[in-house]
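Architecture and fold: a report
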Amino acid sequence: MSPSRNRRIMAQAPFAGWAFMLGLAALIVLAPLTVGAEAIKNVNFQNADVRSVLNFLAEYGGVNVVAAPAVQGQVTLNLKNVEWRQALEILAKTYGLKVVDETGYIRVLLMGDFLKEESDRERHAADQRQLVDIQTKTIDIKFASAKDLVKPVKSILSGRGKVEIDERTNTLLVSDEPGNVSRVKELVTSLDRETRQVKISAKLLEVSSEYLDEIGISWNTFTSGTSHDRQYNNELTAQGASRVAEPFATYKFSTLQKGWSMDATISAIVSSGKGKILAHPEIITIDNKEARIQMGQKVPIKQFSSSGDIVITFEEVGTILRVTPHITSEDRILLHLKPERSSYAFDPNGVIINTNNAETNVVVTNGQTAVIGGLTSQEEVVNRVGLPFLKDIPILGKIFSYEKKDIKSRDLVIFVTPTIVDAAMMGSVEIGK
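Residues numbered from 1 in each chain as written. Predicted model: local features only at pLDDT ≥ 70, side-chain atom pairs only at ≥ 80, totals over all residues. Heavy atoms only, no water.

Some remarks on the nonpolar core
- Judged by nonpolar contacts, the single largest core of 30 residues is most densely connected at F45, V50, V53, L54, L57, L88 and L91.
- Per-element tally for this core: the top contributor is helix α2 (residues 50-61), with seven residues.
- With 20 residues, the next largest nonpolar core counts L204, I327, L412 and I420 among its residues. (Core = buried A, V, L, I, M, F, W, Y, C linked by side-chain atoms within 4.5 Å. Buried < 20%, exposed > 50% of the residue type's maximum accessible area, 1.4 Å probe, protein only. Helix = DSSP H or I, 4+ residues; strand = E, 2+ residues; numbered from the N terminus.)

Notes on the sheet that holds strand β8 (residues 135-140)
- Taken in spatial order, the three strands of this open sheet run β8-β10-β9, and their pairing is antiparallel. At either margin of the open sheet sits one strand with a lone partner, and together these are β8 and β9 (162-166). Taking each pair of neighbouring strands and ignoring which way they run, the sheet shows an average axis angle of 20°.
- Contacts from helix α6 (residues 178-191) reach β8 and β10 (171-176) within the one sheet, and its direction differs from that of β8 by about 10°. (Pairing = 2+ DSSP bridges. Axes fitted to C-alpha atoms, helices over the stretch in contact; angles between N-to-C directions. Contact = heavy atoms within 4.5 Å.)

Describing the packing of aromatic side chains
- In the structure shown here, the tally under the stated rule is two aromatic pairs.
- Among the aromatic residues, those joined into a ring-pair cluster are F45, F56 and Y60.
- Over the ring of F114 we find K98; its NZ or CZ atom is 5.1 Å from the centre of that ring. (Phe/Tyr/Trp six-rings, centres within 6.5 Å; stacked < 30°, edge-to-face > 60°. Lys NZ or Arg CZ within 6 Å of the ring centre and 35° of its normal.)

Some words on the environment of V413
- Positionally, V413 belongs in strand β24 (residues 401-420).
- Sequence separation of V413 and I277 is 136 residues, and the distance between their C-alpha atoms is 9.6 Å.

Considering the confidence of the model for the protein chain
- Here the protein chain averages 75 in pLDDT, while 69% of its residues score no lower than 70.
- Strand β7 (residues 105-110) holds the highest mean pLDDT among the elements of the protein chain, 94, whereas strand β1 (residues 10-11) holds the lowest, 34.
- Segment residues 1-36: pLDDT under 50, and 74 contacts once partners within four positions in sequence are set aside and those in other chains are kept.
- Here residues 222-227 is modelled with pLDDT under 50, and outside its nearest four sequence neighbours on either side it reaches 27 contacts, counting other chains as well. (pLDDT = per-residue confidence, 0-100.)

Some points on helix α3 (residues 84-94)
- For α3, the full list of buried residues reads W84, A87, L88, L91 and A92. End-on view of α3: buried residues confined to an arc of 135°, all on one side of the axis.
- Immediately beyond the C-terminal end of α3, within one or two residues, lies G96, with a positive phi of roughly 70°. (Arc of directions from axis to C-beta.)

Comments concerning α2
- The terminal C-alpha atoms of α2 lie 17 Å apart, and with 12 residues this matches the ideal 16 Å at 1.5 Å per residue to within 8%.
- The buried fraction of α2 is high, at nine of 12 residues.
- Residues of α2 that are buried: V50, S52, V53, L54, F56, L57, A58, Y60 and G61.
- A side-chain oxygen of the first residue of α2 lies 3.1 Å from the backbone nitrogen of R51; this N-cap is D49.
- Positive phi appears at G62, one or two residues downstream of α2, with a value of about 70°. (Expected span 1.5 Å × (residues − 1). Polar contact = N/O pair within 3.5 Å; in protein donor to acceptor, adjacent residues only side chain to side chain.)

Considering the side chain of T319
- Examined against the element boundaries, T319 turns out to sit in strand β19 (residues 310-327).
- For T319, the residues in contact, after removing those within four places along its chain, are L204, I293, Q294, M295, E340, R341 and L412.

Description of the environment of K41
- Take K41: it is sitting in strand β3 (residues 40-49).
- Owing to a relative accessible area of 36%, K41 belongs among the partly exposed residues under this scheme.
- Distance from K41 to E83, taken between C-alpha atoms, is 8.7 Å for residues 42 residues apart in sequence.

Considerations on the sheet that holds strand β4 (residues 65-67)
- Read across the open sheet, the three strands follow the order β4-β7-β6; overall the sheet is mixed. In the strand order of this sheet, the two ends are held by β4 and β6 (97-102), each with one partner. Ignoring strand direction, the axes of neighbouring strands in this sheet form an average angle of 25°.
- The pairing of β4 with β7 spans three bridges and is parallel. Directly across from A67, in β7, lies its bridge partner V108.
- Contacts from α3 reach β6 and β7, with the element oriented near 135° to β6.

Shown next, in the form of structure tokens:
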């Protein structure tokens, strides 16, 4: 049955033919378009044989449709303004069938049979792959660390594949099916790119607390630091932290704007005697890798193990700065800053290490300086006060003098300046050429 242009055709089965095959009725009204492209305005099948419906759609679409022997039963469809292919897909999804496009024809089968076919096909393909010889290739890594590429490489290897590292030559040794080896090489090529580097320049300045706000920096405050004590007892059962970490102080951070002379300000602070430079370290790290700067000492801690043996461990005490830079798409730098300051003291039971630290993120432009303040330490200063000359007389001087104890607070101010390392800084390009 085929429609003609500008004619409306009502398809009704002859009493002894279509009515017998389709069950109750099949009413189809076609749009006045060309066969295979026009929409079916009205499709109405009631308890129709599924094969008869498939035959009609195949004839209307001008295609070959082959139904599997297991495709049996009656269907009911009531659709309006659908193309023959859409009607076929709706029929298949509704009644658990699968439409498969083959070369030159369309195959219709039960969904369960289709899934079994796919499973058998995959099993056969796997068996065929097992017959393929394993290929082994070495892949030289130029910029990255071969160790860092093992995880992404393993994610695309087959069950027969494996990857090993030759750390001496920074090379990957990949064994797998030939097709997978080629995929691994493409993946490594895309990942093995030169990572940008960042130079971290830090200045650690100790300033009297009363002078901190007079530096001329517009501070922002945050309370993300903690302070806690770690107590180590020289007993058979060594104890851990003596108390739970708790919020400690309000820390300060800022970024220096253009025109602000950091060196001039620091020089003025030092020359006035209100502060001193503790250190000026510089370190280069790659993008997204932590740089660690430490200034202090390692304190030996003697403890006893459960078996009674003496165990000596070393705890780092002093100032530690951890900086993790991340270069953004606009060549700005996101800094993850973790400064820490600690001191130690002895008590009858052992050693107590007092620690306060902070953690924050700040975005700066290339070469801009970030400042962290508020890492406070206290120092007890003992002065002998009395009558001049008389207080200095041995033994008798104690009568004319007394000791005065003062607590002085000092803040550690950290200036961190990240700079993206370019070719000129690395020395690969001669300046001026």
